[in-house]
Amino acid sequence: MGGSTRIRRRLAATAMAAAALLLVPAASDAQAAVTLTASAAPKEIVFGGSTTISGQLSGAVPPGPHAIELQASPYPYTAPFQTVTTAATGADGSYSIAAVKPDRNTRYRVVSTDPTAAAQSPDVPVTVDEKLQTHIRYLPLGRARLTVSSAHPTDLAWGGRSAYWFVAQGSPRFKVVRQTRTTQDSKGVTHLSADFAVPAGHFRYLVCFSAPNQLAMGPAAAHSTCHRHDFTRKAALPPPLTATFLGGRGSGPAGFPFASRIASARRYLAGRSGYTAFAVVDSQGRVGGVNVHRRFVTASVVKAMLLVAYLRKLAAAHRGLDSNSRSILYPMIHVSDNNAASAVYGRVGDGGLYRLAHAAGMTDFSVSGSWGNAQLSAFDQSRYFFRINNLLPRQFRGYARGLLSGIAGYESWGIPRVARPHGWRVFFKGGWRSTGRGQLVHQIGRLERGRTVFSLAVMTDGDPSMGYGITTIQGVTARLLAGRAPPASHARTLGPGGG
């Protein structure tokens with residue numbers, strides 16, 4: 001009995017001693033209880049900006065201060081961490097290191113160098129965005145100039161890269177509109193600039209290029225693959241953080257006549273009989289209409305081309321207008337004289353007309369052996385009249401404009417009859433003749449009022465009468481100008497001269 005009691009007492013003493021040992025922490029556990037935290041605020045900055053790294057040294061450490069180091073590893077994070085600066089914690093172990101200015105994406109960590117409180121923080125990433133400036137300026141004739149500059153470290157060589165510019169409107173389809181090259185100045189700023197056509201109203205744009213080490217700047221998701229062809233992007237564009245893949249929105253100014261009026265003219269023409277087309281180049285240089293590339297035999301509208309081709313030939317030969325030239329040019333335009341047109345055609349030929357068509361950017365024009373055989377479209381003729389001032393030699397510009405705005409009154413139907421009462425100055429040419437379809441009636445005009453300029457071509461064939469074609473032209477013009485059309489014309493013929 002006594003032996004059993006002694007054994008139980010020894011076992012109890014051993015258990016108590018073991019429990020006491022468990023209450024004494026090992027040296028390694030005490031060391032592990034020291035922690036060092038770190039965070040950046042803000043976590044994302046713009047190139048040239050700064051952030052603050054702060055945190056807390058805590059655990060089994062004696063009262064502070066304690067020496068610490070801020071260490072950094074910049075992109076591509078392959079070099080060992082290097083000390084950026086040294087500091088000390090407060091008595092409570094807290095610290096704050098301000099004005100930390102990484103120039104690219106960088107990982108930071110804080111290390112306590114005090115032997116009595118050795119510790120290391122987890123890595124703290126800081127994202128550095130490029131310093132972007134974007135400006136869009138709207139230019140005449142439906143164009144815009146977009147300029148982009150990106151400030152970044154000078155060692156990032158982003159100059160001389162192929163940049164692709166895209167525009168989308170009303171659909172996720174981005175269409176490439178320009179290709180340029182980036183430039184880079186001595187301060188490390190990469191520049192992009194391009195002029196391109198923009199639609200009226202809201203649109204989206206995107207410019208991209210592939211840059212070496214582009215992941216050194218900004219979030220990785222901001223850099224997407226740069227395509228050089230049209231593409232569809234249904235997802236929203238990323239925020240504008242990088243010039244390598246930069247998207248934005250714009251709003252192109254509307255031209256005159258407004259889109260709603262062009263649509264009204266289109267609906268009106270759909271209700272007219274015959275073989276028809278019309279094209280408008282609005283005051284922003286955008287082309288609208290219906291059947292704009294449908295080709296028609298010219299009738300006398302080609303005489304406006306003969307006029308300019310002849311004057312360009314005189315200018316190339318350094319000749320002025322003599323009485324002989326005036327004797328054929330004036331009747332050809334003023335009363336649409338066919339004999340005078342043949343005389344002019346004999347001097348300029350097919351070659352002179354083709355050279356003019358090329359200079360005007362025509363795509364559908366053709367002629368062979370006779371001015372009366374010329375084929376043209378509303379698209380070509382509206383563009384031609386819109387650009388006619390620049391196609392005319394400067395010394396003859398006033399003369400030609402006087403002819404085209406002073407056509408005989410009995411031929412001033414259609415566009416001028418509707419537009420002149422509204423204060424428009426009209427430069428125009430009409431044509432009419434019989435064809436296998438019926439009656440053909442064309443008219444092309446350039447309308448100017450103040451700084452507003454637009455051009456219009458209305459072409460009809462297969463009309464039941466001359467008056468029907470005139471009424472069609474006046475109806476289209478009235479809807480473009482939001483005016484009242486004159487009463488229907490009942491003209492049967494305007495006599496010879498129409499082509």
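Our structure's up above, just so we're on the same page.
Now for a description of the structure that goes with this document. (Residues numbered from 1 in each chain as written. Predicted model: local features only at pLDDT ≥ 70, side-chain atom pairs only at ≥ 80, totals over all residues. Heavy atoms only, no water.)

**Some remarks on the overall build of the chain**
Then, number 1: In terms of regular secondary structure, the chain is built from 11 helices and 26 strands.
Then, number 2: The C-alpha radius of gyration computed for the chain amounts to 40 Å, which surpasses the reference 23 Å derived for 499 residues by more than 25%, pointing to a less compact arrangement than a globule.
Then, number 3: A principal-axis box enclosing the C-alpha atoms of the chain has dimensions of 150 × 55 × 40 Å.
Then, number 4: Relative to all contacts within the chain whose residues are 6 or more apart in sequence, the contacts with residues 24 or more apart total 67%.
Then, number 5: For the chain, the computed accessible surface area is about 23,200 Å², with 53% contributed by carbon and sulfur atoms.
Then, number 6: Taking the average place of the 55 positive charges on the side chains of the chain and the average place of its 23 negative ones, the gap between the two points comes to 9 Å. (Helix = DSSP H or I, 4+ residues; strand = E, 2+ residues; numbered from the N terminus. Rg over C-alpha atoms; globule rule 2.2 N^0.38 Å. Contact = heavy atoms within 4.5 Å. Areas by Shrake-Rupley, 256 points an atom, 1.4 Å probe, with all protein chains shown as cover. Lys, Arg positive; Asp, Glu negative; His and termini not counted. Charge placed at Lys NZ, Arg CZ, Asp CG, Glu CD.)

**Focus on the pairing of strand β10 (residues 124–129)**
Then, number 1: Note that strand β3 (residues 44–46) and β10 share 3 bridges and pair parallel. Each residue of the ladder has a partner; that of Val46, found in β10, is Asp129.
Then, number 2: One ladder, built from 3 bridges, connects strand β8 (residues 106–112) with β10; its direction is antiparallel. Bridging from a neighbouring strand, Tyr108 pairs with Val124 of β10. (Pairing = 2+ DSSP bridges.)

**A word on the pairing of strand β13 (residues 162–168)**
Then, number 1: The buried fraction of β13 amounts to 6 of the 7 residues, a majority that puts the element mostly inside the structure.
Then, number 2: Judged from the 6 bridges that link them, β13 and strand β14 (residues 173–181) form a sheet pairing that is antiparallel. Across the sheet, the residue bridging to Trp165 is Arg178, located in β14.
Then, number 3: The pairing of β13 with strand β17 (residues 201–208) spans 5 bridges and is classified as antiparallel. Within β17, the position partnered with Tyr164 by the bridge is Cys208. (Buried < 20%, exposed > 50% of the residue type's maximum accessible area, 1.4 Å probe, protein only.)

**Observations concerning the sheet that holds β17**
Then, number 1: One open sheet holds the 5 strands; their spatial order is β18-β14-β13-β17-β19, and the pairing between them is antiparallel. Since the sheet does not close on itself, it has two edges, and those belong to β18 (231–232) and β19 (245–252), each with one partner.
Then, number 2: Looking at chain direction, β17 and β19 are connected through 8 bridges and run antiparallel. The residue bridging Tyr205 from the neighbouring strand is Gly248, located in β19.

**Let's talk about helix α7 (residues 378–386)**
Side chains three or four residues apart in an α-helix point the same way, a direct result of the helix having 3.6 residues per turn.
Then, number 1: Burial analysis of α7 places 9 of its 9 residues in the buried class, the great majority of the element.
Then, number 2: All buried positions along α7 are accounted for by Ala378, Phe379, Asp380, Gln381, Ser382, Arg383, Tyr384, Phe385 and Phe386.

**Let's talk about helix α5 (residues 323–334)**
Then, number 1: For α5, built from 12 residues, the straight-helix expectation of 16 Å at 1.5 Å per residue is met to within 8% by its first-to-last C-alpha distance of 16 Å.
Then, number 2: For α5, the set of buried residues is Ser325, Ile328, Leu329, Pro331, Met332, Ile333 and His334.
Then, number 3: Contacts made by the buried residues of α5 are with α4 (303–316), α6 (338–360), α9 (397–405) and β24 (425–434).
Then, number 4: Where α5 terminates, the next one or two residues include Ser336, which has phi positive at roughly 60°. (Expected span 1.5 Å × (residues − 1).)

**Things to note about the environment of Ala88**
Then, number 1: Take Ala88: it is sitting in strand β6 (residues 82–88).
Then, number 2: Measuring from C-alpha to C-alpha, the distance between Ala88 and Pro63 comes to 12 Å, with 25 residues separating the pair along the chain.
Then, number 3: Sequence-distant contacts of Ala88, defined by excluding residues within four places in its chain, comprise Pro65, His66, Ala67, Ile68 and Tyr95.

**Section: the packing of aromatic side chains**
Then, number 1: Evaluation of the coordinates by the stated rule reveals 13 aromatic pairs.
Then, number 2: Ring plane angle 75° and centroid distance 6.1 Å describe the contact between Trp158 and Phe209, whose orientation is recorded as edge-to-face. You can see Trp158 sitting in the loop between β12 (143–151) and β13 and its partner Phe209 sitting in the loop between β17 and β18, a full 51 residues away along the chain.
Then, number 3: Since its relative accessible area comes to 0%, Trp158 is described here as buried.
Then, number 4: Take Phe209: its relative accessible area is 1%, and that puts it in the buried class.
Then, number 5: Where Phe174 meets Phe231, the ring centres are 5.3 Å apart and the plane angle is 10°; that geometry is what we call stacked. Of this pair, Phe174 sits in strand β14 while Phe231 sits in strand β18, placing them 57 residues apart in sequence. Of the two residues examined, Phe174 and Phe231, each falls in the buried class.
Then, number 6: Following the ring pairs from residue to residue traces out a cluster consisting of Phe256, Phe258, Trp424 and Phe454.
Then, number 7: Positioned above the aromatic ring of Phe81, the side-chain terminus of Arg109 is 4.2 Å from the ring centre.
Then, number 8: Just above the ring of Tyr468 sits the side chain of Arg272; from NZ or CZ to the centre is 3.9 Å. (Phe/Tyr/Trp six-rings, centres within 6.5 Å; stacked < 30°, edge-to-face > 60°. Lys NZ or Arg CZ within 6 Å of the ring centre and 35° of its normal.)

**Focus: the environment of Arg433**
Then, number 1: Assignment of secondary structure puts Arg433 in strand β24.
Then, number 2: C-alpha of Arg433 to C-alpha of Ala299: the two residues are 134 residues apart in sequence and 6.4 Å apart in space.

**Quick word on the nonpolar core**
Then, number 1: Judged by nonpolar contacts, the single largest core of 79 residues is most densely connected at Phe365 and Tyr384.
Then, number 2: Not counting the four nearest positions on each side in its chain, Phe365 is found in contact with Arg295, Val302, Met305, Leu353, Tyr354, Ala357, Ala374, Gln375, Leu376 and Asp380. (Core = buried A, V, L, I, M, F, W, Y, C linked by side-chain atoms within 4.5 Å.)

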